[in-house]
Amino acid sequence: MITATPRKDLLLMGIFTFAVLTMPIWLAPIGASYPDLLQRFAIFGIFAIGFNILFGLTGYLSFGHAAFLGVGSYTAVWSFKLLSMSVVPAVIFGVITSGLFAVVIGYISLRRSGIYFSILTLAFAQMSYNLAYSVLTPITNGETGLQLSLNDPRALDSLVGVAETSGIPPTNFFGIEMSGYSGFYFCAILMIIGFYISMRIFRSPFGMMLRAVKSNSNRMSYTGLNMRPYTLTAFVISGMYAGLAGSLMAVTDPLAGAERMQWTASGEVVLMTILGGVGTLIGPVIGAGVIKYFENIFSAINENVLHGIFDFLPEVLQDGAVAVLSLFVGEGWHLTLGMLFMLIVIFLPGGIVEGFSRIYERIRNKNNSTNGKADAVGSAKVQPGE
Amino acid sequence: MGILEVRDVNKRFGGLKALDKVELDVEEGSVHAIIGPNGAGKSTFLNCLVGLLVPDSGSVNFNGNSLLGIKPHEINQAGVSRVFQTPEIFGDLTLLDNVVIPTLASRDGAFKLNGWKRADQDSEIIGRAEHMLEDVGLIDKRNMHAGSLSRGDKRRLELAMCLVQNPKLLLLDEPTAGMSRADTNNTIDLLKRIGERGITKVIIEHDMHVVFSLADKVSVMAQGTVIAEGTPEGIKGDPRVQEAYLGGAHL
């Protein structure tokens, strides 16, 4: 096990920041460097980082985090409509509102643990989804989804005297339009900040208490610690991350629909976290990236593309291969995702991060054994200590 | 007046009378052993002390305050720590973390949102925890996962987790069950050393060797009630105790 030190964490933070900011460059060869997808990487990265603070540390599996995503989106769009097209109030209000929602839902759901907690959160999310579709139509605009319109008051903007334009003005960050690469960099910087906060939490006494909840909640209360406020705080923090992700969705594309709250969206973030590595710092970000990338690549492939790939085969074989593989692409890309998920869970329960660390161990062991021949005594001394 | 006063505690599980008018006084600074045959209600009684079970009637006073009706973490914060029959430790965490958590709990209380500072840079806490691990002889294994320890080591770790909080009263539920003779003797030595710190201890034990080397006072329980109480020597010859253990047969 690698023990974390402030120096190593600083190094990790540096590498992470560099890697995220240069994503448009190093993702270009695999065709993933266009802004729309990059924005989604960052947004879902934030969502998964926050989810991991709850699920990875305390082990409480929430199945309703999409509700906070939706709340964040609706709040942000309302902020655009009523206040200003600036993204700053939109993001702040999105985070606050979803945090308040998380206090209520968390306070009730955390009365139970394990499967009952998951069911309660799922029930709350489905309730929110159905409310958004029906009763709350004045706020959510029902099936159509909440959209901007020319007649919106935008009180702050008119107060400051932003020049009227013929169309709906774009979302902006102090004048910088939040579309394309600037939108990505806005999301990316927020993800880096979110990652840093999550790292501080992981290394803090608070994070240690959350791990204690997961490890043995019984011992925790006989150690004089009150579990409920710890889990509730973790729940609210992760809800606020989800709200931030939701408001960023509205920032990059200013509309909000109820389908964002559907249980599939809650399930997706669970998949991302497990795929990347539950309870690891970097895992959820990797998981989010992999799932969004595969969604993008595989759903874009259609039968024509497959025919092109298998062009070299005789026609009978070609048709057969295409018929089978077309199930796994396009609309059916979830089938590929499901297979990938199964493989990971069966062979790498610790997710992609565990895969990396296994490879790292193997390389190190190989080096050790070659060094060992030259310096047998030295390595024999090292081994028991590890 | 004792540090722990138990008056007329009753507990029923359906038709079974698990505790029947239990009375107990524990003096401050003493080691009080509770012995008795299987099913006598010893563990049930201990569970009533830490808030795991609520007695049907009676009172439990610790330092003059009632322990009934308050939550387990509040009982611990009041100064009562417990070592369980099967070690309750944080199996996924390292030994150091296992001891750091109770250390933080005793310094910061039941809840403190301390989410920004690094735990591993808090030299006061780490120092106390490491010192405690040294005391129980586990310092070499500080970075191991607690779940991979042997049973004897897990017990010692749990003991360390309780001791690092400097409790006023330490409850031990069969601290040497399933241990080898050598491990048992180590534990006895350790407990004797703790005795020098003046922590009051209540020990439930089957092993008479342990009881007679540690206890100042012994209470014997049978069928949910305390049938005899006295010094270890006095208890040895008591006919009621022999009857409870041996069902009336005389040696």
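What counts and what doesn't
- Residues numbered from 1 in each chain as written.
- Chains lettered and ligands numbered in written order.
- Predicted model: local features only at pLDDT ≥ 70, side-chain atom pairs only at ≥ 80, totals over all residues.
- Heavy atoms only, no water.
- Helix = DSSP H or I, 4+ residues; strand = E, 2+ residues; numbered from the N terminus.
- Rg over C-alpha atoms; globule rule 2.2 N^0.38 Å.
- Buried < 20%, exposed > 50% of the residue type's maximum accessible area, 1.4 Å probe, protein only.
- Contact = heavy atoms within 4.5 Å.
- Areas by Shrake-Rupley, 256 points an atom, 1.4 Å probe, with all protein chains shown as cover.
- Domains from an automatic or database assignment.
- Buried area = accessible area lost by both parts, 1.4 Å probe.
- Salt bridge = Lys/Arg side-chain N within 4 Å of Asp/Glu carboxyl O.
- Core = buried A, V, L, I, M, F, W, Y, C linked by side-chain atoms within 4.5 Å.
- Polar contact = N/O pair within 3.5 Å; in protein donor to acceptor, adjacent residues only side chain to side chain.
- pLDDT = per-residue confidence, 0-100.
- Pairing = 2+ DSSP bridges.
- Disulfide = S-S within 2.5 Å.
- Axes fitted to C-alpha atoms, helices over the stretch in contact; angles between N-to-C directions.
- Patch = residues over 30% accessible without salt bridge, like charges linked within 9 Å, V, L, I, M, F, W, Y side chains within 5 Å.
- Parallel < 35°, antiparallel > 145°, perpendicular 65-115°, else oblique.
- Nonpolar A, V, L, I, M, F, W, Y, C, P; charged D, E, K, R; others polar.

Peer 1: Looking at this structure, I do not really get the overall build of chain A. What am I missing?
Peer 2: Helix and strand counts for chain A stand at 19 helices and four strands. Computed over C-alpha atoms, the radius of gyration of chain A comes to 23 Å, within 12% of the 21 Å expected from 2.2 N^0.38 for 386 residues, which places it in the range of a compact globule. For chain A, the spread of C-alpha atoms along the three principal axes comes to 80 × 70 × 40 Å. With 386 residues in all, chain A has 49% of them scored as buried. The long-range fraction of contacts in chain A, counting pairs at least 24 apart against all pairs at least 6 apart in sequence, stands at 76%. Here chain A displays about 18300 Å² of accessible surface, and carbon together with sulfur accounts for 69% of that area.

Peer 1: Honestly, the domain arrangement of chain B in this entry has me stumped. Any pointers?
Peer 2: You'll often see interface size given as the accessible area lost when the parts meet. Residues and elements named next belong to chain B. Assigned domains within chain B: domain 1 (1–79 + 168–251) and domain 2 (91–166). When each unit is reduced to the centre of its C-alpha atoms, the spacing between domain 1 and domain 2 is 27 Å. Contact with domain 1, which involves 19 residues of that partner, is made by 15 residues of domain 2. Contact with domain 2 buries surface across domain 1, with Q77, L190 and R197 losing the most and accounting together for 34% of the total. Connecting domain 1 to domain 2 are zero salt bridges. Contributions of two or more residues to the side of domain 1 that touches domain 2 are made by α2 (72–77), β7 (169–173) and α6 (181–195).

Peer 1: How should I be thinking about the nonpolar core in this particular structure?
Peer 2: Side chains of nonpolar character tend, in soluble globular proteins, to be buried together. Counting residues in hydrophobic clusters, the biggest one holds 141 residues, and the most contacted among them are M220 and L248 of chain A together with L157 and L159 of chain B. Both of domain 1 (1–79 + 168–251) and domain 2 (91–166) of chain B provide at least three residues apiece to this core. Among the nonpolar cores identified, the runner-up in size contains 27 residues, and V50, L67, F84 and M221 of chain B belong to it.

Peer 1: Please clarify how the interface of chain A and chain B should be interpreted in this entry.
Peer 2: If you look at the interface, chain A gives 31 residues, while chain B gives 39 residues. The contact between chain A and chain B buries some 3100 Å² in all, and 64% of this surface belongs to carbon and sulfur atoms. In terms of surface lost to chain B, no three residues of chain A exceed M208, R219 and Y222 of chain A, which account for 25% of the buried area on that side. The interface formed by chain A and chain B includes two salt bridges. Counting every contact that joins chain A to chain B gives 19 residue pairs in polar contact (both at pLDDT 80 or more). Elements with a contribution of two residues or more to the side of chain A that touches chain B: α1 (6–21), α9 (180–203), α10 (205–215), α11 (217–222) and α12 (227–252) of chain A. By residue number, the principal contributor to the side of chain A that touches chain B is α10 of chain A, which donates seven residues.

Peer 1: Whenever I open this one, the confidence of the model for chain A confuses me. Can you help?
Peer 2: Residue and element names in this part refer to chain A. Per-residue confidence for chain A averages 88 on the pLDDT scale, and 94% of its residues sit at or above 70. Least confident of the elements in chain A is helix α19 (residues 376–385), whose mean pLDDT is 37; most confident is helix α5 (residues 87–109), at 96. Ignoring residues within four places in sequence, the model shows residues 374–386, a span with pLDDT below 50, making three contacts including any to other chains.

Peer 1: When you look at the pairing of strand β4 (residues 57–62) of chain B in this model, what are you seeing that I'm missing?
Peer 2: Two faces make up the sheet, and in a regular strand the side chains alternate between them. Residues and elements named next belong to chain B. Of the pairings in the sheet, the one linking strand β1 (residues 4–13) to β4 comprises five bridges and is antiparallel in character. Across the sheet, residue L4 finds its bridge partner in β4, namely F62. Judged from the two bridges that link them, β4 and strand β5 (residues 65–66) form a sheet pairing that is antiparallel. For N61, the partnering residue across the bridge sits in β5 and is S66. Between the antiparallel neighbours β4 and β5 lie two residues, among them N63 with a positive phi of about 55°.

Peer 1: I'm lost on the pattern of salt bridges in this one. Help?
Peer 2: Under the counting rule described, the total for this entry stands at 25 salt bridges over all chains. As a salt-bridge pair, K292 of chain A and E295 of chain A come within 2.8 Å of each other at their nearest N and O atoms. One end of the pair is K292 of chain A and the other is E295 of chain A, both in helix α14 (residues 283–300) and three residues apart, which spans about a single turn. We classify K292 of chain A as buried; its relative accessible area is 3%. Connected through salt bridges with shared partners, the residues D9 and R203 of chain A together with R118 and D120 of chain B form a single ionic network.

Peer 1: Would you take a moment to explain the environment of A129 of chain B for this structure?
Peer 2: Residues and elements named next belong to chain B. When you line up the elements, A129 lands in helix α4 (residues 123–135). Since its relative accessible area comes to 0%, A129 is described here as buried. Separated by 23 residues in the primary sequence, A129 and S106 place their C-alpha atoms 12 Å from one another. In contact with A129, not counting residues within four places along its chain, are L96, V99, V100 and T103.

Peer 1: Help me out: how do you make sense of the state of the cysteines in this one?
Peer 2: By definition, a disulfide links the sulfur atoms of two cysteines through a covalent bond. Residues and elements named next belong to chain B. This structure, assessed with the given rule, holds zero disulfides over all chains. Considering cysteine sulfurs only, C162 is the nearest to C48, which forms no disulfide, with 19 Å between them. What makes C162 buried here is its relative accessible area of 2%.

Peer 1: Could you clarify how one ought to interpret the sheet that holds β1 of chain B in this entry?
Peer 2: Sheet strands pair by backbone hydrogen bonding; their relative direction is either parallel or antiparallel. Residues and elements named next belong to chain B. One open sheet accounts for four strands, arranged β2-β1-β4-β5; its pairing is antiparallel. The open sheet has two edge strands with one neighbour each: β2 (16–26) and β5. Here β1 runs beside β2; their pairing, made up of seven bridges, is antiparallel. Residue pairing across strands places K11 opposite L19, the latter belonging to β2. Each of β1, β2 and β4 is contacted by helix α1 (residues 42–50), which is oriented at about 65° to β2, the strand it contacts most.

Peer 1: So what exactly am I meant to see when it comes to a nonpolar patch on the surface here?
Peer 2: A cluster of nonpolar side chains, contributed by L21, I189, I193, Y196 and I197 of chain A together with W116 of chain B, occupies part of the molecular surface with about 510 Å² of accessible area. In terms of residue count, the dominant contributor to the nonpolar patch is α9 of chain A (four residues). You can see I197 of chain A is positioned in helix α9.

Peer 1: It is not clear to me how the confidence of the model for chain B should be interpreted in this structure. Could you clarify?
Peer 2: Atomic detail in the predicted coordinates should be set aside for any region of low pLDDT. Residue and element names in this part refer to chain B. Here chain B averages 87 in pLDDT, while 97% of its residues score no lower than 70. For chain B, the element scoring lowest by mean pLDDT is helix α9 (residues 239–246), at 76; helix α3 (residues 95–108) scores highest, at 93. Overall fold confidence for the complex sits at a pTM of 0.90, while the interface term, ipTM, reaches 0.88.

Peer 1: What should I look at first to understand the packing of α10 of chain A against α12 of chain A in this one?
Peer 2: Working note: a packed helix pair is described by the angle between its axes plus the distance between those axes. All names here are of chain A. Where α10 contacts α12, the two axes come as close as 10 Å, and the packing angle between them is 110°. Between α10 and α12, the angle falls in the class roughly perpendicular. Where α10 approaches α12, its residues F206, M209, L210 and V213 are matched on the opposing element by M227, Y230, T231, T233, A234 and I237. Within the contact of α10 with α12, the residues separate by chemical class into eight nonpolar, two polar and no charged.

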